[in-house]
Amino acid sequence: MSSNARQWLTLVVIIWLQSVNGTNTTFPAYSPQLKEILSMSQVKLNNLSFASDAGKLFGFFSGMGALYLPLWLVLLIGSTLGFVGYGLQYLFITHQISSLSYAHIFLLTVLAGNSICWINTVCYVVIIQNFPSDHQVSVGLTTSYQGLSAKLYTVLVDALFFSPDKRAGTYLLLNSISPLVVCVMAAPFVRDVNAGTSKNMKAGFIVMFSIAIATGIYAVISSLGSLPSRLPPLGNVIGISVFLLAPLAIPIAEKIREVLLNGEIKKVYIEKNVGDDRVERIESGIEEGDDHRRENEVGVKEEIGVMSMLKRVDFWLYFFVYFSGATLGLVYSNNLGQIAESRGFSGTSSLVSLSSSFGFFGRLMPSLLDYFLSRTRYNLISRPAACIAALMAPMAGAFFLLLNTTSISLYISTAIIGVCTGAITSISVSTTTELFGPRNFSVNHNVVVANIPIGSFVFGYSAALIYHREGDGDGKCMGMQCYRNTFIIWGSVCLFGTFLALVLYARLRRFYSRR
């Protein structure tokens, strides 16, 4: 297989890895059952939610591993951590082992949460290496599929088991084995292909975006109340599987094209006089040095190590913007099961699936706009900061909308928070690269997302205390008062984060206006 076909195949493999890597997003789907099985209070349940995010505090280990270890080994380390973390919990709640204390479950959850960092780091590094000129678009496209993980796992659980008391165990089993199986299959493909830039790249991305949009539409429609009642669970599994396999059409088409051209695309060099007695070569329609120019268009301020990064005002602005935006949205999704239960809403799985589907679209949207809209050198850095501010404003409004008692407000707010959280998460990957350079990205970005466990603890623990205070003494709370004050706090924090994002935008705009 030629380098161009392998390049597209690598992107497809990364999509599959991201699709199964969002194991922590399934927690709200089975947390009510887990709380009942283990007879936990809301505070203890929130601690487990925090533990899943706390694994990101140790994400810098995966960044260091990507610098010094083969990527396939980093991938297998990550999947093994998840296999152990979720697998032992599955054995415990199915009564196959009985010696685990709450502290053991907490540590296993931290271990499982850390596994996500290892797989994510490999995905980012491979994409940046193999798509140097389009790495922002490629990272955003592949990352969007992680937002589909909760949808994928929910569909599989619905098809495998119908008994509510077995759902928690099924989620843990799938969280344990699915990433391991996919990582073992993907290990041979996580490497630098060195394909360069192909003139067929644009057509490939158009097809890839078309498939992604169709996948997102199917995910949203199948998450609503009408279609699932008509479509059997197995049919839903087949449907989502077809959409995940569809990107394979691109490397297959590339290979067929090569076969039709006698199995090898010959490089055609055309000399072009560019003035000043200089002659440039054009290889297959791409000017020599084009990759370098396109890479410079990214607008990287400078290459910054982690210690220097921590001394920058821009880092701390960026850190707290993410903290009060994407992190807050993830905390909401982690508590979605309890929020739905407190309102007397029985369709928790469909709500989680809806949040996942809109999160997928949110993650995809920045890459789609970034690829098809013209960009200038001036606004490359400042525009993402402005986009984050524009996304956080409706997100704050969605938290206040949750004060409404109707089910439709719950659906609308969940969809808005899912879209905005996904979009900010996607934008942050390229923003970290552009602010601090791609060389130390694997470490720098893991430091940035370390705010997720911090926010999970601060916001989640305060919500659990309010829930417990408003409860009836048996660990349960029913009614709008359970989360009313929490939504007001979250909405206010999100508004403050919007202000910080505007400050970051203004600083970056001044920086680039002086260049």
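Conventions we followed
- Residues numbered from 1 in each chain as written.
- Predicted model: local features only at pLDDT ≥ 70, side-chain atom pairs only at ≥ 80, totals over all residues.
- Heavy atoms only, no water.
- Patch = residues over 30% accessible without salt bridge, like charges linked within 9 Å, V, L, I, M, F, W, Y side chains within 5 Å.
- Areas by Shrake-Rupley, 256 points an atom, 1.4 Å probe, with all protein chains shown as cover.
- Salt bridge = Lys/Arg side-chain N within 4 Å of Asp/Glu carboxyl O.
- Helix = DSSP H or I, 4+ residues; strand = E, 2+ residues; numbered from the N terminus.
- Buried < 20%, exposed > 50% of the residue type's maximum accessible area, 1.4 Å probe, protein only.
- Expected span 1.5 Å × (residues − 1).
- Core = buried A, V, L, I, M, F, W, Y, C linked by side-chain atoms within 4.5 Å.
- Contact = heavy atoms within 4.5 Å.

Asker: Residues and numbers for a nonpolar patch on the surface, please.
Answerer: A surface patch of nonpolar side chains, about 1000 Å² in accessible area, is lined by L57, F58, F60, F61, M64, L67, Y68, L69, I454, F457 and V458. Elements with a contribution of two residues or more to the nonpolar patch: α4 (59–68) and α23 (451–470). The leading source of residues in the nonpolar patch is α4, at five residues. Relative to the assigned elements, L57 resides in the loop between α3 (42–54) and α4. L57 sits in the partly exposed class, given a relative accessible area of 36%.

Asker: Just give me the short version of helix α5 (residues 71–93), but keep the residues and values in it.
Answerer: End to end, α5 covers 34 Å across 23 residues, agreeing with the expected 33 Å (1.5 Å per residue, within 8%). Where α5 ends, the next residue or the one after it, H95, has phi of about 65 degrees, a positive value.

Asker: Give a detailed account of the nonpolar core, specifying residues and quantitative values.
Answerer: Grouped together as the largest cluster of nonpolar side chains are 127 residues, with contacts concentrated most on L11, L17, F205, Y332, F399 and W490. By residue number, the principal contributor to this core is helix α6 (residues 102–130), which donates 12 residues. The residues touching L17, leaving out its near neighbours within four places in the chain, are L75, C123, V182, C183, A186 and V190.

Asker: Just give me the short version of the environment of L330, but keep the residues and values in it.
Answerer: Note on placement: L330 falls in helix α17 (residues 326–334). Placed 306 residues apart in sequence, L330 and N24 show a C-alpha to C-alpha distance of 10.0 Å. Non-local contacts of L330, meaning those with residues more than four positions away in its chain, are made with T421 and I452.

Asker: Give me the lowdown on unusual backbone geometry, citing residues and values where you can.
Answerer: Phi angles above zero are rare outside glycine, and H95 is one such case at about 65 degrees. With respect to the helices, strands and loops of the structure, H95 is situated in the loop between α5 and α6.

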